[in-house]
Amino acid sequence: MPRSDESAYLPRKIEVKWRKIWEETGAHITPEQSSRPKYYCLDMFPYPSGSGLHVGHWRGYVLSDVWARYKKLQGFNVLHPMGWDSFGLPAENDAIKKQIHPEICVRRNIDNMKRQLMEIGAMYDWNREINTSSPEYYRWTQWIFIQMYNQGLAYRKEMPVNWCPKDKTVLANEEVIDGRCERCQTKVTKRQLPQWMLRITAYAERLLSDLDKLDWPEKVKLMQRNWIGRSEGATIIFNLISASGETHNLQVFTTRPDTLFGATYVVLAPEHPLVKNITGVGQRKSVEDYVRESLEKSELERTQVTREKTGVFTGAMAVNPVNGSRVPVWVADYVLAHYGSGAIMAVPAHDQRDFEFARKYELPVVEVISSNQAVRDANGYLLQAYEGEGVMINSGCFDGLPSEKGKRKVVEWLKERNLGDFTVTYKLRDWIFSRQRYWGEPIPIVYCEKCGEVPVPEKNLPVLLPRVEKYQPSGTGQSPLATIPEFVNTQCPGCASPAKRETDTMPQWAGSSWYFLRYPNPHLKDAPFDRQTVDKWLPVDCYIGGVEHAILHLLYARFFTKVLYDLGYLSFDEPFARLFNQGMVCKYSEKTGKLEKMSKSKGNVVNPDPLVEQYGTDTVRVYELFIGPPELDSEWSDQGIEGVYRFLHRAWKWVLSAKEHLVSGEKEDQEVKRQIHRLTFRVTERLEGFKFNTAISSFMEFLNFALTAERIKAGFCLETVERFLILLSPFAPHLAEELWEKTNHQSSIFTAKWPDYDRSLLEAETVEIAVQVNGKVRDTLMINKGEKESLVLEKVLALESVKRQIGEKKVVKHVFIPDRIVNLVVK
RNA sequence: GCGAGGGUGGCGGAAUUGGCAGACGCGCUGGACUUAGGAUCCAGUGCCGCAAGGCAUGAGAGUUCAAAUCUCUCCCCUCGCACCA
């Protein structure tokens, strides 16, 4: 144990001390006015959970704080804020579980989490703290909704929607993962309900193409691209002749217009509006039964790829516009109502799904693309659909065209006759924006008998969420707000007649879709943000958070930003210039017997509080980074932290002993200079590359070099110690600040300047090269840097080990790479 | 099924314009100091072997003076998407 307080590293003591000083001096307050260039370093803000932060959450926050402090030392005016995503299901479900009103529960959780965040010692500017469930904030969330409404980007529609029976609310498509609720994994069912929707599909093209200008992980960009799911093809109009002889136009979407001559039947989705109009008397019962059964099935059941396809004939026929042939019209649930036009032309020869269906129901298969790649049986019949390129056959005047060219020609032919056109389709669907829950922003719409749907005037915002006793979800398809007459009954803002409020609330993702615009001007009273201010700070220079938000949050935030840009409120249309996803922290779970992401349900969470108590913040910070590459998942080990604790003790010890034996710059050993410049170079380079784990090991290497009795006796100059401390300060800010003070510095280390390095000092005068014989290392040799080939070769041949290896054999060749290697090829 | 990423000591992980594989840390072994050591310091630590030496980056082939790194074939793991016409 340490003997005296003066010389001992007592992390808790200095951490408490410096946090107090930093607070008193306003060290972390980002000035409004500054001559320095701006840097916006943003964490994905947390929702206030009841279980608090675990070491996995810490990782992202430490990462961003190290980065923010580094940027500050580089001379940037850094904005590094924090807040609370406190509306929505996670917060509300926690409240219901604990039987505490969400408002109180959220307050408590925030208090606890804020205390934990404080323990990280991050340079958050708490004056800018925001909270999405406070009326001062959600007033502006509602305001944005109204702007969208006025643009026709928010609309109400009755439709079958995803319903989570456990959470008793509707979910967005993005919130349904493998047919289950993203939050509670309950199987999602369907319900027909009127819903508020946001027309995100209007931005599909820009959300897709603007990905190209973002410095984001390719993986995330790819996920968004796939989610938006652009595909180019054609809309083709088929004439439908119902069983009773009426005709209807039917649009189908296809990406393979070149296979039009091979369409041997047409399929409508069960939900398709024409189904009931075209069905024949004889088919009525079977079609109605089929449609009903399909609608009862969950999305999960319907989209099982492995499931055998089913369908029924409607009695109607469709006329192929290109050759007039009549083909049967079927209803089948392998066709999705919400994609394309909800109807397809089926080409079994060139689409595997159609092929399987045609086989089952004995529908004809007509090949129209010829290729020797197709898989056939002995008789020449297709064994599976051929989906590749080829030459058009059985296609009238298009015969002989390559399929790629045929795609265009066929559509042009149809277009001339008003029978079709080129079409782009997206998988992306409009965003279901209503939730039948209490804890969210009330949707600011009023229903008047005379005026209909009326947005709440901006001056009347916010529509306050009423305080109620009963906030549990009702399960009726209406939010608990519907049971509160004082809330529901109101006056029409237009004509003052009695009116009723919308009682649905917004989803969890509403507040987080624009919070980054609020931090630069968090206290603004008369607007969500000030254009000049946000234009100055945004886009966010570095956004750090988990990859789990790759689609939901990041897509929504981009959408909101683009809408506000189009409305002229912003002069940038992408919110996050650079994105970094930190890997998850995993730990072995006793419950599952596997290495799992930390979660309460898996019983493998590690609470940072006792670690901070035992080792101090700086140790936990450094260990979080040392554990592995930041972008990869890593395994938490309780033992490993000891090594980092030792490292910080050694750093402490080295600085204090170096301080006792300071020498002038000229008197410092040249090797020391080389090592500290090398450390500067490495730490800078590794920070820039987000290789924080190896940045830390370079400090350890330096200490292994510097912390020996001889080196300390020989002495270090003050500049060397200063360099070391500044380099270390983003990682271990409290320790660095304390040692900065102990080495007689008056002002904070974070007002210092990040050191440069001298390239000419990085390399030594002599280098060790490897000596190989036939590609195997047999010895090493010290040579002067840049020593000539002939000289080196002479030395190599003189080595005993080399002589032994050559023996009776002859050197037939040698390879010389200056300052690295000599390889002798002997035979 | 499609797409992306990844397989390196007992463990976490270093090293890719091809150039000494295993930096750094954990753990382990031995030693010093000690009443004591779960503190600290010193030494050692990929595997086999007394040694010389041999073998080693998921498996197998190839290119090369030289391969964790490049090429091909295959296996395994993780993540994302999954009837999107």
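Everything that follows concerns the structure shown earlier in this document.
A brief report on the enclosed structure follows. (Residues numbered from 1 in each chain as written. Chains lettered and ligands numbered in written order. Predicted model: local features only at pLDDT ≥ 70, side-chain atom pairs only at ≥ 80, totals over all residues. Heavy atoms only, no water.)

A word on the environment of Tyr290
Thinking step 1. Summarising the element assignment, Tyr290 is placed in helix α9 (residues 284-296).
Thinking step 2. Residue contacts for Tyr290: discarding those within four places in its chain leaves Pro270, Thr310, Gly311, Val312, Val331, Ala332 and Asp333. (Helix = DSSP H or I, 4+ residues; strand = E, 2+ residues; numbered from the N terminus. Contact = heavy atoms within 4.5 Å.)

Here's the deal with the sheet that holds strand β21 (residues 452-455)
Thinking step 1. Read across the open sheet, the four strands follow the order β21-β20-β23-β22; overall the sheet is antiparallel. The sheet is open, and its two edges are formed by β21 and β22 (489-491), each paired on a single side. Pairs of neighbouring strands in the sheet enclose a mean axial angle of 40°, with direction left out of account.
Thinking step 2. The sheet contact formed by β22 and strand β23 (residues 498-501) spans three bridges and is antiparallel. Within β23, the position partnered with Gln491 by the bridge is Pro498.
Thinking step 3. Where helix α5 (residues 135-150) meets the sheet, its contacts fall on β20 (445-448) and β21, and the angle it forms with β21 comes to roughly 130°. (Pairing = 2+ DSSP bridges. Axes fitted to C-alpha atoms, helices over the stretch in contact; angles between N-to-C directions.)

Concerning the nonpolar core
Thinking step 1. Formed by 171 residues in total, the largest nonpolar core has its most connected members in Trp654, Phe724 and Phe731.
Thinking step 2. With residues near it in sequence (within four places) discarded, Trp654 still touches Phe702, Leu703, Ala706, Leu707, Ile712, Phe716, Thr720, Val721 and Phe724.
Thinking step 3. Core analysis: the second largest hydrophobic core is formed by 53 residues, Val252, Ala269, Val331 and Phe355 among them. (Core = buried A, V, L, I, M, F, W, Y, C linked by side-chain atoms within 4.5 Å. Buried < 20%, exposed > 50% of the residue type's maximum accessible area, 1.4 Å probe, protein only.)

Things to note about the protein's contact with RNA strand B
Thinking step 1. Neighbouring RNA strand B are 50 residues, the closest being Thr255, Lys309, Tyr339, Arg353 and Arg646.
Thinking step 2. Contacts to RNA strand B include Thr255, whose backbone N or O atom sits 2.2 Å from a sugar or linking oxygen.
Thinking step 3. Secondary-structure elements contributing two or more residues to the surface near RNA strand B are α7 (218-228), β11 (247-254), α19 (641-660), α21 (692-706), β29 (766-773), β30 (776-784), β31 (811-817) and β32 (821-826).
Thinking step 4. Here the surface near RNA strand B gets six residues from one element, more than from any other, and that element is α21.
Thinking step 5. Across the surface near RNA strand B, the residue classes tally to 19 nonpolar, 14 polar and 17 charged. (Near = heavy atom within 4 Å. Polar contact = N/O pair within 3.5 Å; in protein donor to acceptor, adjacent residues only side chain to side chain. Nonpolar A, V, L, I, M, F, W, Y, C, P; charged D, E, K, R; others polar.)

Considering the pattern of salt bridges
Thinking step 1. For the structure on display, the rule yields 52 salt bridges.
Thinking step 2. Ionic pairing is found between Lys360 and Glu308, a salt bridge with its closest N-O pair at 3.1 Å. Here the residue Lys360 occupies a position in helix α11 (residues 352-361), and Glu308 occupies one in the loop between α10 (299-302) and β13 (311-319), the gap between them amounting to 52 residues.
Thinking step 3. Lys309 is the partner of Glu356 in a salt bridge, and the nearest nitrogen-oxygen pair spans 3.3 Å. One end of the pair, Glu356, is in helix α11; the other, Lys309, is in the loop between α10 and β13, with 47 residues separating them in the sequence.
Thinking step 4. We classify Glu356 as partly exposed; its relative accessible area is 38%.
Thinking step 5. One continuous salt-bridge network, built from bridges that share partners, spans Asp210, Lys213, Arg558, Lys562, Asp573 and Glu574. (Salt bridge = Lys/Arg side-chain N within 4 Å of Asp/Glu carboxyl O.)

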